[in-house]
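# Understanding the architecture of this molecule
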Amino acid sequence: MALVQSVRRPVTIAGFPLSAWAFALRMWAAMMVALYAAFWLQLESASSAAVTVGVLALQTRGQVYQKAVYRVLATVVGVVASFVIAGLFPQSPGLFLFGFAGWLGLCVYVGGLLDGNRAYSAVLSGYTVALVAVTQIDSPQNIFSAGINRGAAILVGIAAVTLISELFAAPNVHTGLSGKLMAVHRRVRVFALAILRGESADPVQSANLLREITALHPNITALVAESSGGWARCAAARSAAVALVAEVSAASALASLPANTLPSLRRALGEALADTLGEESRALQLRLQQLADVGYAESRDALFTRHALDLLIENRRAQDAIEDLQAGRRPPRRIQAPIYRSRRAAARNGLRAFLAVLISAILFSLGGWPFASLGLSLVGVTIALSANNPNPRAFAGNAVIAMAIAALLAGVTEFLILDGVDQFPLLAIGLAPSVIAAAVLSTVPNPRLASIAFLAPPFFLVILSPANPQGYNPETYLFYSFMAITSAILLYVLLWTVLPTSDALRRRWYLTSARAEMGGLLAGGRSRRLNDEALFRDADRIGQLAALQPAAADERRDDLREALEIFGRAAAARRVRTTLAELSARAGGRLVANAYSALADCDPVGLRRAAADLASTAPQLDHDGQAAARAASLDLIWAAFTTDASPLGLDQHRWTTS
Amino acid sequence: MMHSFPELTIGGVLVAPFVIYAGAAIAIFAGLRPFLHLVAFDRAFSNPPVAELSLYVLILALLIVLF
């Protein structure tokens, strides 16, 4: 059957879609409104209002509002920190810089434990001190007014960007997010169908699926700020993401069972997954539930039935949650989606920021150049922002290029286009080419070009420093540009030389932490998180591991295979602990003591023996107790199976000593 | 009789009364959000963002007129 689909080509102007031009025009309009309001209010740092718009130049309303809220909060924290640090070391610039470096390092560390705009707000708290206090290092009495001026300018910028986004109908996060979730859900179903056809699960494909799902986390958190239904939509999107991770986990569990297990059920499951209306899926779910209640003679058949049931349940949950997201309904299940962040990586980033600020302070003071405090504050800003980036070195490279382009554009705009004019409309027209071109280019899919285009407008506005009246001083422009480019190059050099963090090192940290947590889990460490929440966090770690670029493809595959094995085993161990705890609550702890000790010893024989003991004692229990004992027995067999299947499984010391 | 506006002073710096009204309106609007979700406010309008912005302006104007 030929499937005919009409494809409508999007309207483009100069190769860019209309949505990109609309975004660019919104940003330019917001920037001009912010600048005009700041001039009208006679704010001293009026250019900060325009820079705020440049920083908040994100394409959807939810992302803009969330970043705006965090920008206000972080600025308040940063300004207070500026007063405290300046107050603690009033007569000693050396100690003041030491205090600033320590504060920035602390903020970068905290930012390393968060994601998205929360991480941005943490580093902004750090570098606000650079912009408010370090630039006033020679006149600390001005720090208070500088802080108030910066805060006022930021509020004006936020008000302008919010007004323009609302009036000119900036796109919503939730429409794009539901599209992305549906696309990932389709891919997860294709992955599961391939496994049901008997294909093995490719570790790279599994890890990339988990990465795609967990990478949506920052967008999910941005939903809250978007509208009055934001909380409900955020809960629905979280529920969908967690269900998708659990679906990948269930499909991977099916892949580890022999391909010839229950062929008729495999076919039925495949048809149910392909059925988007869900009628077949519901009927099969009911049938599997009845089969699970009766039990199987062959343990592999029982395990297959159990994971097939999980797959169907999670598939339905994901589908329902995506529909809830689209409709703005609160989902029935309340669940969190915790993220994984490496404490070691965060601490190293914090230490690097601390050292980088100290080294640049020494170099700038040795240089004896004018505007050295501006250069130092720019190093603080860029090192803090680079720490939030998955690839800080690439960020630093892009920052050097963006800074050079920004300096060139600022010079051309100030001395060739504006060239002494003092009317606001001419300033607005003069800024338009640079701002609109950068905003349009920031929407391209090429990450390097998009990153440079995103960084260029704020740098451009910092170097240009639009003021009322504009100074048009070539000497100031040259020193500003020189300091800005020097600070970007210095950042680039420092990132390569001071505590560089290679992908190989990160890979080792991620795997070590996965092994250590697995060891804690086997030893009986209890987590306050639900099983699916812990699964999402583990998936986030695998997603970050998949994003790293090691030297050899085989090495990457081996690392991902190991991480996925730990992911599966941890899921099995958590499930055993949950079912054993339920059984213990119904039938007493005596029944499950052997199971716990076999689990702690990673002993598959002991696990199977404990499962057999539970199965034999089940008939003596009441109806609910029998069901709990049957579930616990099956989970113990699954835990034994995953331990057998893993080449690392019999070495329990590996989990604790590495 | 002239309408007097409340003034806030932080560390000797006078903050414009409008800033206090704008902040209070944001706080009231944030408090209203669960209620707006309950009455399906965003489904009653073809462009919910503009409707929400209008509601915010309405609250702000009411505060300025009443207090």
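In this numbering scheme, every chain counts its residues from 1 along its sequence in written order. Written order decides the labels, with chains lettered from A and ligands numbered from 1. Owing to the predicted nature of the model, reporting of local features is limited to residues with pLDDT of at least 70; listing and counting of side-chain atom pairs is limited to 80 or more, with chain, interface and lining totals taken over all residues. Think of the side-chain values as coming from all heavy atoms in the structure, minus any hydrogens and water.

### What to know about the overall build of chain A
- Secondary structure counts use DSSP, requiring at least four H or I residues in a row for a helix and at least two E residues in a row for a strand, with both numbered from the N terminus. Across its full length, chain A holds 26 helices and two strands.
- We compute the radius of gyration over the C-alpha atoms and compare it with the globule rule, which gives 2.2 Å times the number of residues raised to the power 0.38. In summary, chain A has a C-alpha radius of gyration of 29 Å against a globular reference of 26 Å for 658 residues, a match within 12%.
- Taken along its principal axes, the extent of the C-alpha atoms in chain A is 90 × 60 × 45 Å.
- For each residue, the accessible area found with a 1.4 Å probe, counting protein chains only, is set against the maximum for its type, and the residue is called buried under 20%, exposed over 50%, and partly exposed in between. Going through the 658 residues of chain A one by one, you find that 54% of them count as buried.
- Charge convention: Lys and Arg are scored as positive, Asp and Glu as negative, and His as well as the terminal groups of each chain are ignored. Working definition for charges: the position is that of NZ of Lys, CZ of Arg, CG of Asp or CD of Glu. Charge-centre separation for chain A: the mean point of 57 positive side chains lies 1 Å from the mean point of 46 negative side chains.

### Quick look at the interface of chain B and chain A
- Any two residues whose heavy atoms approach within 4.5 Å are treated as being in contact. Taken together, the contact between chain B and chain A spans 13 residues of the former and 17 residues of the latter.
- Note on definitions: salt bridges are taken to be side-chain nitrogens of Lys or Arg within 4 Å of carboxyl oxygens of Asp or Glu. Arg233(A) is the salt-bridge partner of Asp42(B), the closest N and O atoms lying 4.0 Å from each other.
- Whenever two N or O atoms come within 3.5 Å, that pair is a polar contact, provided that in protein one can donate a hydrogen and the other can accept it, and provided that, for residues adjacent in sequence, both atoms are side-chain atoms. In this assembly, chain B and chain A are joined by four residue pairs in polar contact (both at pLDDT 80 or more).
- Broken down by secondary-structure element, the contributors of at least two residues to the side of chain B that touches chain A are α1 (17–38) and α2 (48–66) of chain B.
- In terms of residue count, the dominant contributor to the side of chain B that touches chain A is α2(B) (four residues).

### Observations concerning the pattern of salt bridges
All names here are of chain A.
- In this structure the tally under the stated criterion is 23 salt bridges over all chains.
- Residues Asp-538 and Arg-574 are paired through a salt bridge, measuring 3.1 Å at the closest nitrogen-oxygen approach. Remark: Arg-574 occurs in helix α22 (residues 553–587) and Asp-538 occurs in helix α21 (residues 531–547); sequence separation between them is 36 residues. Each member of the pair, Asp-538 together with Arg-574, is buried.
- Each of Glu-517, Arg-537, Asp-538, Arg-541 and Arg-574 takes part in a single network of salt bridges with overlapping partners.

### Details of the environment of Ala407(A)
All names here are of chain A.
- When you line up the elements, Ala-407 lands in helix α16 (residues 392–418).
- By relative accessible area, which is 4% here, Ala-407 ends up buried.
- For Ala-407 and Ile-463, which are 56 residues apart along the polypeptide, the C-alpha to C-alpha distance reads 6.5 Å.
- Discounting chain neighbours no more than four positions away, the residues touching Ala-407 are Ile-463, Tyr-477, Ser-481 and Ile-485.

### Comments concerning the side chain of Lys67(A)
All names here are of chain A.
- By the secondary structure assignment, Lys-67 is in helix α3 (residues 61–88).
- Although Lys-67 is buried, it forms no salt bridge, and the closest oppositely charged side chain is Asp-115 at an N-O distance of 13 Å.
- Sequence-distant contacts of Lys-67, defined by excluding residues within four places in its chain, comprise Val-55, Leu-56, Leu-58, Asn-117, Tyr-120 and Phe-454.

### Let's talk about the confidence of the model for chain A
Residues and elements named next belong to chain A.
- The predictor reports its confidence for every residue as pLDDT, a score running from 0 up to 100. In the predicted model, chain A carries a mean pLDDT of 88, and the fraction of residues at 70 or more is 95%.
- Ranking the elements of chain A by mean pLDDT puts helix α26 (residues 653–657) last, at 43, and helix α10 (residues 230–255) first, at 95.
- The model gives residues 1–5 a pLDDT under 50, and that stretch makes zero contacts with residues more than four places away or in other chains.
- Per-residue pLDDT stays below 50 along residues 649–658; that stretch engages in 22 contacts with residues further than four places along the chain or on separate chains.

### Here's the deal with the packing of aromatic side chains
- Only Phe, Tyr and Trp rings take part, Trp by its six-membered ring, and two of them pair if their centres are within 6.5 Å. Stacked means planes under 30 degrees apart, edge-to-face means over 60, and tilted covers everything else. Under the counting rule described, the total for this entry stands at 11 aromatic pairs over all chains.
- Pairing Phe41(B) with Phe45(B) gives two aromatic rings, centres 5.0 Å apart and planes at 50°, and the pair type is tilted.
- On the basis of relative accessible area, Phe41(B) is assigned to the buried category, the value being 15%.
- Within the aromatic cluster, the residues linked to one another by ring pairs are Tyr36(A), Phe39(A) and Phe424(A).
- Only when the NZ of Lys or the CZ of Arg is both within 6 Å of the ring centre and within 35 degrees of the ring normal is a charge said to sit over the ring. Seen from the ring of Trp496(A), Arg393(A) lies directly overhead, with NZ or CZ sitting 4.0 Å from the centre.
- Geometry around Tyr340(A) places Arg541(A) over its ring, the cationic atom sitting 4.6 Å from the centre.

### Quick look at a nonpolar patch on the surface
- Patch membership is restricted to residues that have no salt bridge and whose relative accessible area is over 30%. Joining uses 9 Å for like charges and 5 Å for the nonpolar side chains Val, Leu, Ile, Met, Phe, Trp and Tyr. Computed with the Shrake-Rupley method and a 1.4 Å probe, the accessible areas treat only the protein chains shown as cover for residues. A surface patch of nonpolar side chains, amounting to about 430 Å² of accessible area, comprises Val76(A), Val80(A), Phe83(A), Val84(A) and Leu88(A).
- Along the chain, the position of Val76(A) falls in helix α3.

### Overview of helix α18 (residues 447–464) of chain A
Residues and elements named next belong to chain A.
- Here, expected helix span is obtained from the residue count minus one, scaled by 1.5 Å. Given a rise of 1.5 Å per residue, 18 residues ought to cover 26 Å, and the 26 Å separating the end C-alpha atoms of α18 matches this to within 8%.
- Measuring from the side-chain oxygen of the N-cap residue of α18 to the backbone nitrogen of Arg-448 gives 3.1 Å; that N-cap residue is Asn-446.
- In the stretch just after α18, Ser-465 is the one whose phi turns positive, near 45°.

### Notes on the nonpolar core
All names here are of chain A.
- The criterion is simple. A nonpolar core is a set of buried Ala, Val, Leu, Ile, Met, Phe, Trp, Tyr and Cys residues joined through side-chain atoms within 4.5 Å. Within the largest apolar cluster, 106 residues are counted, with the highest numbers of intra-cluster contacts made by Leu-35, Leu-104, Tyr-127, Leu-431, Phe-460 and Ile-463.
- For this core, the element with the highest residue contribution is helix α1 (residues 18–40), accounting for 11 residues.
- Residues Ile-220, Leu-325, Tyr-340 and Trp-638 belong to the second largest nonpolar core, which totals 101 residues.

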